[in-house]
Each structure stands twice: as C-alpha cells, then as structure tokens.
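Coordinate inspection notes
Take a look at the letters that make up each chain.
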Amino acid sequence: LALTMSSESMYRFVSRDEGSSVYAAVGAALSERGDWTQRPPNSARFNLMFGDRNRLPYSRLANVPGRVPPLVNYYRGSNMICRKAKLAATFAPGTPYATEAAKWMPTTFVVRPNDESDQQLDERKRFRECHARLAASEGQKVWLAKSSAGAKGVGIEVSDDPEKLLAFVDQSKQTHVIQKYLENPLLLPGRRKFDIRCWVLLDPFYQGCIFREGVLRTASTPYDPTDLQNIPSHLTNHCIQCVLVQEEHCDNFGKFEPGNEMWFDDFEKLLEEMRGVSFQEHLLPQIVSIVSTCFAAIREHVQLDEAHGYRSFQLFGFDFMVDNDLHAWLIEVNGAPASAEHLLPGVVEGILQQAVDKCFEPQAATHYTTSPEQLFHFTTTD
C-alpha cells in the first residue's frame, strides 16, 4: 500500500543528475503518465528528487514543503558497500559479517599511496604475508590492485609480484584495494572469462528485489593465465574490451555475443549444456544471499525512516564472478549503475512499481508490462 494519498492531483519531481540515463528514463515515464510533472532543478517544492549521489542535500530534504516526506533516489550511507575500500572495511576481519563474507568475497587489503603510518605498514605486511602463504600452499600468486573510486576498468593492475602492485599504488594519488584474483574462473566456450551484472533495487522500506534478467559481460579473447599483460583476457569490463581489443587490432569484439553481452536466459541454457546445472536454481540463490547480507551489514549505518524527513530508494549494480566449482564471488557494488539498453524498460518499471508508487499512489492509469515474476524479492534482515 502507498504511504499516503496526495490531496493534489499532480505530483512533482526534480532532476539534479543529468548524467543518469536510468533516471532520465524514469522521469520521462513519469511525465507521460499525467499525474507527475517535472519542475526546475532548484525548485523548493517537490515530492521526488533524482539527485547526484555525491551532492545530495540530505540535511535540507527535511525542510521541503508538503505533508508527505519527499523521496530521494539514494540511501545515505550506502557508500559503505559502493566504494571498494569501504566494502572491504565493512567485511574486514573482526566485523559482524566477516565470517560469512569470507565465503564469497575475495581476500582484500586496503592500501593508501605512500602512507607510512603504523596501520598502513601493518596492512602492507599482512598483504605480503598472505601473498607468500597462498603462493606456497596453493600456488595462488595473482592479485590485482584497483582504485577505490575507480570505474570503467580504469586504474587496475594485475600481477603476481606483490612489490609491483604496491609500487603501482604508490604511483597514484588514490586509495586502492589489493584483492585476490580468481585464478580458476568458470570459462565460456572459447575459454573466455565473464562477469555477471545484477541490478538490485532497495525500496523505501529497505526491502530488496533483484531483476531476474541480467547480463554477462564477456571477454573477446581466450583466458591466458600465463600472460598477465594480456588485459582483455583477464578484465571483462566493456570499456576495456572495446578500447583495448580495437587498439590491438583484434576484431573479436562482438564476435561471440553481440556487444559482448549474454543475457541470463541464454546463460541458463549454456550452463545446462556445459555443467548440467541451472543458473536460476544454483547460482541465483547464492547471489540473493550475498546481496541480502550486504544490505543487512550496513542497515544500522543508513538512514531509513521518516524521522529524517525523507525516504529513500536506490538502484545498485552488483558484479560477480563464478569459479570453476560454480561458486559465486562478489567483486564490487556500483551505487549508480547504468542499464543495458535491452533491460532499461524493465528497470524503469521496477523503480516505478517498487519505489515511487509505494510512496505516492498513482493518480493516473498505469500500464506496466513487468510482471511480478520478473523480480526476485528478498528480505534484508539477517
């Protein structure tokens, strides 16, 4: 049920994030409905704000005129899982969910450039010791360094040399995570790596749903564990695949899958053929459990109720890899994901149904094509 019924015939929304294709599409859908109208970005009266997550005026949202608390498209505090270093800290040894996270989050260390504090010296020492231990006991030598605030595959180094990784961090100006590389990945035909992007919506009541349709982002070239400089064989990010494959005069991009994207329905069939298991029955439950644990871990740190004068919802992009034992591993969480064009209509309807309409009862006819079966609902309690 909606929180309240507005006495006005028209709701208002403002958009202060010009870079989001998702919320531009949500805004367009609201405008077409007839019960919502878009106001100027600096308008003082609105029911819904699509804001820039780095510049949201949370402290002022409580003062927005109107009887109904406004709705905003980001949870304050969600960066505890959306920044790589903070994600690592959220599940670091000694934290409440560390034991659970160790089952599905690669070992990760947070390293700051040229920081000689006792804490950072200890962190580097622990990384070196862990690298040596895994190399000696399991032959697992490969790690990668990633900028905590990086995106689109920028600022990543893959190496089996711990000193090279630390030097890479020290050459930068940003905090990095050094994370264990998955050396036994499940491979697609052509011995190619992939990662999985799931879109997840957290509603105004802090309940979640996963869009059942998602995407595999696939590599253009075969996985080669002996050549760590062959970046397109190791990192499946779209930007890397597009740019590096073209720079190396390789015409494999799009050769195996259009745009190097495979949808879940196609992966379901392929996984049945390759391993005799179902994605929906074997991998999706693992993914749901991981996502639910992430939200449970940060629940006490985010602002949830109307006491703050507003309500929130948020769309997330959870990225996973799968090892050869069909075990899902969380790689990172994007707090402001774009949507694959093929999936955008369903994502827009999901946001309208599960977030906006729950707070502001529709005053005009709605014609949704997204069925309940296309969303997998889960609780965020532990």
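This structure is a prediction, so every number in the text was calculated from the model and none was measured.

Along its 16 residues, helix α12 (residues 344-359) runs 22 Å from first to last C-alpha, staying within 8% of the 22 Å computed at 1.5 Å per residue. Largest kink in α12: about 35 degrees, centred on Leu352. Along α12, the positions that sit buried rather than exposed are Val347, Val348, Glu349, Gly350, Ile351, Leu352, Gln354, Ala355, Val356, Asp357 and Cys359.

The element strand β6 (residues 143-147) is extensively covered by neighbouring structure, given that 5 of its 5 residues are classed as buried. Judged by which residues are buried, β6 turns out to be covered on both faces: Trp143, Ala145 and Ser147 on one side and Leu144 and Lys146 on the other are all buried. The pairing of β6 with strand β7 (residues 156-159) spans 4 bridges and is antiparallel. The partner of Leu144 across the bridge, within β7, is Val158. Across 5 bridges, the pairing between β6 and strand β8 (residues 176-180) is antiparallel. When the bridges of β8 are listed, Trp143 appears paired with Lys180.

This part is about the pattern of salt bridges. Taken as a whole and judged by the stated rule, the model has 15 salt bridges. Between Glu183 and Lys180 there is a salt bridge; the shortest N-O distance is 2.7 Å. Judged by its relative accessible area of 23%, Glu183 falls in the partly exposed class. Notably, a salt bridge pairs Asp203 with Lys358, separated by 2.7 Å at the nearest N-O pair. Taken as a pair, Asp203 in the loop between β9 (194-202) and β10 (208-211) and Lys358 in helix α12 lie far apart in primary sequence, 155 residues in all. Judged by relative accessible area, Asp203 falls into the buried class, the value being 5%. Three or more residues are tied together by salt bridges with common partners; here these are Asp195, Arg197, Arg217 and Asp319.

Quick look at the sheet that holds β8 now. What links the strands of a sheet is backbone hydrogen bonding, and the strands pair in either a parallel or an antiparallel sense. If you trace the 4 strands from one edge of the open sheet to the other, you get β5-β8-β6-β7, paired in antiparallel fashion. The open sheet is flanked by β5 (108-111) and β7, the only strands paired with a single partner. The sheet shows a mean angle of 20 degrees between the axes of neighbouring strands, taken without regard to direction. Contacts from helix α6 (residues 118-138) reach β5, β6 and β8, with the element oriented near 145 degrees to β5. Across the sheet, helix α7 (residues 162-170) lies against β5, β6, β7 and β8, angled at about 165 degrees from β7, the strand it touches most.

Definitions and cut-offs
- Residues numbered from 1 in each chain as written.
- Predicted model: local features only at pLDDT ≥ 70, side-chain atom pairs only at ≥ 80, totals over all residues.
- Heavy atoms only, no water.
- Helix = DSSP H or I, 4+ residues; strand = E, 2+ residues; numbered from the N terminus.
- Expected span 1.5 Å × (residues − 1).
- Bend = angle between axes of the 7 residues up to and from the residue.
- Buried < 20%, exposed > 50% of the residue type's maximum accessible area, 1.4 Å probe, protein only.
- Pairing = 2+ DSSP bridges.
- Salt bridge = Lys/Arg side-chain N within 4 Å of Asp/Glu carboxyl O.
- Axes fitted to C-alpha atoms, helices over the stretch in contact; angles between N-to-C directions.
- Contact = heavy atoms within 4.5 Å.

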